[in-house]
Amino acid sequence: MTGADFMLASAAGNAALISFALYMVVVFVLAGLANREQSGKSFLNEYFLGSRNLGMWAFAFTYAATSASGGSFMGFPSLIYTHGWVMALWIAGYIIVPLVAIGLIAKRLNQVARKSGSITVPELLRKRLGSDNVGTVATVLLVFFQFFFLLAQFKAGAKIMTTLLGDVGVYQTAVVMVDRFTAPIPWVGAAEADYLLCLLVFAASVVAYTAWGGFRAVVWTDMMQGLIMGLGVVILLGLVLTQVGGLSNATQELSRQVPPRDGNATLVRTESASSLVLAKGTWLEMPAEEKRQPFVRLKEVVEFSKGQTEFVGVPVIEVRTSVENATELKSIRAQVKDVGVSAQAVDVEGYQYGDDKPGVYVSAPGPKSSSGMGFLPIMLAVSFFCFWPFAGAAQPSYMARQMAFKDIPTLRHSIIFVALYFSLIYFPLIIIFTCGRVLLPGWEIDADRVMPEMATFLTSTAGVPWLAGLLVAAPFAAVMSSVDSFLLLVSGSVVRDVYQRKNPKASEIQMKKVTYWTTVGVGALAMFAMLNPPQFLQDLIVFGSGGLGASFLMPVILTLYWPDLTPRATVAGMISGGGAMAVFYLIGYLVHDKFSPYELLSLHPFIWSVLVSALVMLATSKGSRPTDPKLVEKYFGNVVNEEGKA
Amino acid sequence: MSKPSIRPDTGASYRQSKRELFVMIAAWAVTGLWVLGYNSQAAYAAETETPVRMLFGLPRWTVIGWLLPLLVANAFTIWFCLRFMRDEPMEVLPEDE
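Sequence order as written defines residue numbering, which begins from 1 separately in each chain. Here the convention is simple: chains get letters from A, ligands get numbers from 1, in the order in which they are written. Under the rules for a predicted model, residues below a pLDDT of 70 receive no local features and side-chain atom pairs below 80 are neither given nor counted, while totals for whole chains, interfaces and linings still include all residues.

Glancing now at the overall build of chain A. Numbering of helices and strands runs from the N terminus, with a helix taken as a DSSP run of H or I at least four residues long and a strand as a DSSP run of E at least two residues long. Tallying secondary structure elements over chain A gives 24 helices and 7 strands in all. Taken over the C-alpha trace, chain A has a radius of gyration of 26 Å; the compact-globule value for 646 residues is 26 Å, and the two agree within 12%. Buried residues are those with 20 or more other C-beta atoms within 10 Å of their own C-beta, exposed residues have 12 or fewer, and partly exposed residues lie in between; C-beta atoms are placed from the backbone. Expressed as a percentage of the 646 residues in chain A, the buried residues total 57%. Both definitions apply: the radius of gyration is a C-alpha atom measure, and the globule rule equals 2.2 Å times residues to the power 0.38.

The strands that make up a sheet pair up through hydrogen bonds in the backbone, lying either parallel or antiparallel. Residue and element names in this part refer to chain A. Judged by pairing direction, the sheet is antiparallel, and its 5 strands sit side by side in the order β3-β4-β6-β1-β7 without closing on themselves. At either margin of the open sheet sits one strand with a lone partner, and together these are β3 (283-285) and β7 (341-349). Ignoring strand direction, the axes of neighbouring strands in this sheet form an average angle of 40 degrees. In this analysis, strands are considered paired if DSSP registers two or more bridges between them. Here 7 bridges tie strand β1 (residues 261-269) to β7, and the two strands are oriented antiparallel to one another. Residue pairing across strands places D262 opposite E349, the latter belonging to β7. Here, residues touch in the contact sense if the C-beta positions derived from the backbone fall within 7 Å of one another. A fitted line through C-alpha atoms represents every axis, and for helices the fit uses only the stretch in contact; the resulting angles, taken between N-to-C directions, go from 0 to 180 degrees. Packed onto the sheet, helix α13 (residues 326-335) meets β3, β4 (292-298) and β6 (310-322) and runs at close to 155 degrees relative to β6.

It is worth spelling out the interface of chain A and chain B at this point. The interface of chain A with chain B comprises 54 residues on the first partner and 53 residues on the second. Contributing elements (two or more residues each) for the side of chain A that touches chain B: α2 (43-49), α5 (86-90), α6 (97-103), α7 (106-116), α12 (247-256), α14 (378-393), α16 (408-439) and α24 (639-642) of chain A. Sort the elements by how many residues they give to the side of chain A that touches chain B and α16 of chain A lands first, with 9 residues. In this classification, the charged set is Asp, Glu, Lys and Arg, the nonpolar set is Ala, Val, Leu, Ile, Met, Phe, Trp, Tyr, Cys and Pro, and all remaining amino acids, among them Gly, are polar. Grouping the amino acids of the side of chain A that touches chain B by side-chain chemistry returns 31 nonpolar, 15 polar and 8 charged.

To continue, consider the packing of helix α9 (residues 132-165) of chain A against helix α17 (residues 450-461) of chain A. Residues and elements named next belong to chain A. For the pair α9 and α17, the least separation of the axes is 9 Å and the interaxial angle reads 25 degrees. It follows from the interaxial angle that α9 and α17 lie roughly parallel. Two packed elements cross with a definite hand, and for α9 against α17 that hand is right-handed. Within the contact between the two elements, α9 uses I160, T163 and L164 and α17 uses P452, E453 and T456. Here the contact of α9 with α17 is built from residues that sort into 3 nonpolar, 2 polar and 1 charged. The scheme is simple: roughly parallel for angles under 35 degrees, roughly antiparallel for over 145, roughly perpendicular for 65 to 115, oblique for anything else. Crossing handedness: left-handed means the near helix sits turned counterclockwise from the far one by under a right angle, and right-handed means the same turn made clockwise.

All names here are of chain A. Looking at where N325 falls in the secondary structure, it is placed in the loop between β6 and α13. Residue N325 is classed as buried on the basis of its C-beta count, with 22 C-beta atoms lying within 10 Å. Between the alpha carbons of N325 and L278 there is a distance of 27 Å; along the sequence they are 47 residues apart. With sequence-adjacent residues up to four places away left out, N325 is seen in contact with E253 and R256.

Let's shift gears to the domain arrangement of chain A. All names here are of chain A. As far as domains go, chain A holds domain 1 (3-248 + 367-641) and domain 2 (260-349). Each domain's limits were defined by an automated method or a database of domain assignments. For domain 1 and domain 2, the distance between their C-alpha centroids amounts to 38 Å. Within the side of domain 1 that touches domain 2, the residues separate by chemical class into 6 nonpolar, 3 polar and 1 charged.

All names here are of chain A. Helix length check: helix α22 (residues 605-621), at 17 residues, gives a terminal C-alpha distance of 24 Å against a target of 24 Å (1.5 Å per residue), a fit within 8%. Considered for burial, the residues of α22 that qualify are P605, F606, I607, W608, S609, V610, V612, S613, V616 and M617. Among the residues trailing α22, G623 stands out with phi positive, at a value near 90 degrees. Expected helix span is given by 1.5 Å per residue-to-residue step, counting one fewer step than there are residues.

And the structure:
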C-alpha cells in the first residue's frame, strides 16, 4: 500500500467509524424512547406488538426493512456479482411480492388476531382452531427455521463490520488482542479474530436495543434503517453509473466477460533478502493472450520468509479479461503492484457452465462453477417465481407486523408504498452489482464482501470517503432490522407460547425478566453458532425462509380462509411441509456434499414441500375431529347459511 | 371503495377478503405468464447474441421481461389498493389473557 493509498484508506475508515458510531447512538436513543413508551401499558401487548396501533409509515417501513434483510444487501449482491443479469429472473417474483405477500393474508390475519387477542402466530393458530397441539407444533417449527434465518443475519452483520472498520487503528489493535486471547480456545479460536470481534460487538448491540425497547424500538429503528437503505441504494447507483462510464459501456464489457478459473499456482520471487507478505487479494499480471489478458489473484495471505524464493500450491483465481474491456483492465492494473513476484505453474479449473463463454453474464441460465446446467435452469426460475411471493406471505416475522397495523387504510397505503420502495431497491441493486463486476473484478475470492467493498471503493474514488459510512450503514441497517425482528419473534414464541402457557399466573415483572433473558439467550446462541459460518449467506436464508414458508403457508392460509379446517390437518400440514423441506436439504447434503437443496425435476424444494403440505392437509381433514362450531362462527360469521351450504 | 358498515360483519368481511385473495392470485399468475413465458425464450437465447441486444443500456430481455412487467404490476397494485380492496371496521381488541 502506498502512502496515498494508506491516507485514503485511513480517511475512509475514520469517516466510516464516525458515521457508524452516530448511527448506533441514534439506534439506542430510539430504543430508550421506546422503552419509556412501555410504561402504563400491557407489557406483552406493547413489547411484542406495539399495542397494535402502527400507522402507515411505521407499518410500511418496518415491513420493507425487515424484508430487505442481510440477504438483500449482502447475499443478493454476492449472487449478482457471481452470476450476472440472470439474477433479474431469479428475483422476478418480487415484481408482485408486495401485493401477494402482504395482501394475501394481512387483512384476515389482523382481524383474526384482534378477535382472538393473539400476540404471536402460534397463539393465533391455537386459538382459531381451539387446539394446544397446533400451538406447540407451530412454536417448535417457528423457532427452528427462524433460527437459521437469524444465523445468516449474524454472519452478515459481522462481515459488514469487518470491512467497515478494517482500516481503523483502534480496531486493528483490538483484533490483535482478541486473537491472542481466543487463539487457544477450541472452536472459538478457529474463527478469524476480526470476524469474531465484530460478531461480538454486533450481537451485543442488537440484542441490547431489542431487549430494551421491544417491538416499538424495532419499528422505529426499522423506519430509520429503511430510509438509510433507500438513500444508500440511490447514492450507490449514481456513483457506480458515473464511474463505470454509463450503463451501455458496463453492459457491453459485462457481455465480454468470462467466469474466473479456480485453482493453485506456484509463486516465485526474484529477490529474497527480506521477508515478504502478500495480502489476500493481491493481483499478479500474466503474459497476454491474443484476445484476453490473464491475471492471477491470491485467495489467501502468502508469507515469504527471508531467503525463500518459491511458494507452492497457493490458492488463486485466474481472471481472463477481454482486451477490449478498457474499464475492467484499468481497474485491475491500478491494483497490480510490482512486488517482484510472478505466478508460475498455474493449475486452474473453469466453471462447469460458462467457462470461456462470453455473454454468460448477460443471459440465462448464468454461469455456475458446480453444475453444467447453469445457475438458473428455467424450472428453477419458475420455482423462485413461486417462492418469493408465497414464502414471503408465510414468514412469521412479517405476520407479526400484519397483526399490528391499526386499520385497513393503513394496510392499503402500505402495500402501495412497499411496492414502490422495492422497485427502487431491487432493480438498482442488480444494476449496481453487475456494474461492480466491471469496476471491481476478482471479488469471487470473497463474494459476500462485495457490497461493503464496493461502497468503500466508490466513495474513495469519488473523493467522498465519509459517505462510505452511510453506504455501509445501509446493509448494516438491513441486517439489524431483520435481526431485531427475528429475535423478538423467537423470544415472543418462547415467552408467550411456552412460558406463559406453563405459568399462566406469572406476574408482569416475572414476564419482563423472562422476556429479556430469552432475547439475550437466543442472541448468544446465534452468535456462538456463527463463529465458523458457511460461505454463502443465501443458502442459509433460503433454507430458513423456505422452511418457514413450507411449514406455515398452507396452514395459515387455510386457517384464515377455510372454515372446515381441522386441528389435526393443521398439525399434519405444518409437520409435513417443514419436514419435506428438511428432507430435501438432507438429500442435497448427501448428494452434493454441502449444505444445498436437492432440486427434484429442477424445482426448488419449497414447491414440493408446499404441495406435500397441501395434500396432507386435504387428506387429513377428511374424517378428523372438526373445529368447534362456535369458533368457526366467531371467525367466519354465519358462513354456513350465507354460502348456501348444508 | 365502499364505506365500512358501522358494526363489523364477520361473514361479509370474510367473503370480501376471499374475493380479494382470488384477484391477487390471478394477478400473480398473469405476471408469471408474462415474465417466465417471455424470458424462457428471450433470456435463454441471449447467450448467443453477439453483440448483446440492448435497450436503454440494459440487456433487452431485462427491460421487456422484467422492468416493464414491474411497472405494470405496480400500476395494478395501486389500482387494487385504492379501488378494489375494501375498508372493514376493525374489531375492538379484547383484553389479553
